[in-house]
Amino acid sequence: MAPKKAKRRQQQQGEGGSSNVFSMFEQSQIQEYKEAFTIIDQNRDGIISKDDLRDVLATMGQLNVKNEELEAMVKEASGPINFTVFLTMFGEKLKGADPEDVIVSAFKVLDPEATGSIKKEFLEELLTTQCDRFTAEEMTNLWEAFPADVAGNVDYKSICYVITHGEEKEE
């Protein structure tokens, strides 16, 4: 009986830190991160290495990535990047983000008619002239990810969803 208790205590201590990261995400998000991890782990050894990153970037058309860049990516983790570390890294990146309802409320201030959208030109002016100003490249990336409709409006609720969940909502 004593060995079982010791084993259970060891599991609780060893997994306590990692189980917390799993509670940060919905099960569907964890599954999507697992799929992404599997795609990145090109050699299927359960660890993301520089070679894995180089290979996956090459499949996306980025062929001339410098070794220093790959090393910097891998060094963002405190050790080998297994799935738990991978998930923890995403959790840390998302930890600073406000909850979705808070971000939506901030956009609602700019949407007095409560249409759920904002004029693209108005949003671009705000993002390029206020506080942490967006660069031209960041604006291009934003509009590629969230194009305006034919009337020139941007759906800010979908932007908020992606900021807090990391993927687009399936409709």
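None of the values given here were measured: they were computed from a predicted structure. (Residues numbered from 1 in each chain as written. Predicted model: local features only at pLDDT ≥ 70, side-chain atom pairs only at ≥ 80, totals over all residues. Heavy atoms only, no water.)

Draft legend 1. Focus on the packing of aromatic side chains. A full pass over the atoms with the stated rule returns eight aromatic pairs. For the ring pair Phe-25 and Tyr-33, a centre distance of 5.2 Å and an interplane angle of 70° mean the geometry is edge-to-face. Judged by relative accessible area, which is 9%, Tyr-33 ranks as buried. Linked through ring pairs, Phe-22, Phe-25, Tyr-33, Phe-37, Phe-83, Phe-86 and Phe-90 together constitute an aromatic cluster. Its end group placed over the ring of Phe-83, Lys-34 keeps NZ or CZ at 4.7 Å from the ring centre. (Phe/Tyr/Trp six-rings, centres within 6.5 Å; stacked < 30°, edge-to-face > 60°. Buried < 20%, exposed > 50% of the residue type's maximum accessible area, 1.4 Å probe, protein only. Lys NZ or Arg CZ within 6 Å of the ring centre and 35° of its normal.)

Draft legend 2. Quick look at a nonpolar patch on the surface. On the surface, a nonpolar cluster with roughly 270 Å² of combined accessible area is contributed by Val-109, Leu-110 and Phe-122. In this fold, Leu-110 is placed in the loop between helix H6 (100–108) and strand S1 (117–119). (Patch = residues over 30% accessible without salt bridge, like charges linked within 9 Å, V, L, I, M, F, W, Y side chains within 5 Å. Areas by Shrake-Rupley, 256 points an atom, 1.4 Å probe, with all protein chains shown as cover. Salt bridge = Lys/Arg side-chain N within 4 Å of Asp/Glu carboxyl O. Helix = DSSP H or I, 4+ residues; strand = E, 2+ residues; numbered from the N terminus.)

Draft legend 3. Region of interest: helix H3 (residues 50–59). Among the residues of H3, Asp-52, Leu-53, Val-56 and Leu-57 are the ones counted as buried. Around the axis of H3, the buried residues are gathered within 125° of arc, so they sit on the same side. Where H3 is buried, its residues touch helix H2 (27–40) and helix H4 (67–75). The first or second residue beyond H3 is Gly-61, which carries a positive phi of 95°. (Arc of directions from axis to C-beta. Contact = heavy atoms within 4.5 Å.)

Draft legend 4. Highlighting the pattern of salt bridges. Summed over the entire model, instances satisfying the criterion amount to two salt bridges. Two residues, Lys-50 and Glu-71, come together in a salt bridge whose shortest N-O distance is 3.3 Å. Of this pair, Lys-50 sits in helix H3 while Glu-71 sits in helix H4, placing them 21 residues apart in sequence. Taking relative accessible area as the criterion, Lys-50 reaches 27% and is therefore assigned partly exposed.

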